[in-house]
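Given next are the chains, with one letter for each unit.
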Amino acid sequence: MGARHPQDLIVKTGASKYDFIVACNLLVRTGIVKKPADAIRYIENNDVTVEGIIDNFINEVQQAKLEEAPSDVDL
């Protein structure tokens, strides 16, 4: 059945409350889930970590910035 309360899932994942909230927010903002409650279920039912969600988002943002950056450097 899994965690019945978000606090149980926070303890289960070993993440801080702040990181857990950020990860749930990122799942909603990126369109993976529609509501924060769905984000909690997503983390609980899938083999993902809070740190993995945050790291993946950071890598995507950095990759997008690298693709946008003008290449003024002559090699």
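As the structure is a computational prediction, the values presented were derived from the model and not from experiment.

1. Remarks on the environment of Ile40
Thinking step 1. Assignment of secondary structure puts Ile40 in helix 3 (residues 36–45).
Thinking step 2. Classification of Ile40 by relative accessible area gives partly exposed; the value is 23%.
Thinking step 3. Between the C-alpha atom of Ile40 and that of Ile10, which follows or precedes it by 30 residues, the distance is 9.6 Å.
Thinking step 4. Excluding residues that lie within four positions of it along the chain, Ile40 makes contacts with Pro6, Leu9, Phe20 and Cys24.

2. Description of the confidence of the model for the protein
Thinking step 1. Per-residue pLDDT for the protein has a mean of 87; in total, 88% of the residues score no lower than 70.
Thinking step 2. Of all helices and strands in the protein, the one with the weakest mean pLDDT is helix 1 (residues 6–13) (88), whereas helix 2 (residues 17–29) scores best (95).

3. Concerning the environment of Cys24
Thinking step 1. In this fold, Cys24 is placed in helix 2.
Thinking step 2. Its relative accessible area of 7% is what places Cys24 among the buried residues.
Thinking step 3. Setting aside anything within four residues of it in sequence, one finds Cys24 in contact with Ala39, Ile40 and Ile43.

Rules used in this analysis
Residues numbered from 1 in each chain as written. Predicted model: local features only at pLDDT ≥ 70, side-chain atom pairs only at ≥ 80, totals over all residues. Heavy atoms only, no water. Helix = DSSP H or I, 4+ residues; strand = E, 2+ residues; numbered from the N terminus. Buried < 20%, exposed > 50% of the residue type's maximum accessible area, 1.4 Å probe, protein only. Contact = heavy atoms within 4.5 Å. pLDDT = per-residue confidence, 0-100.

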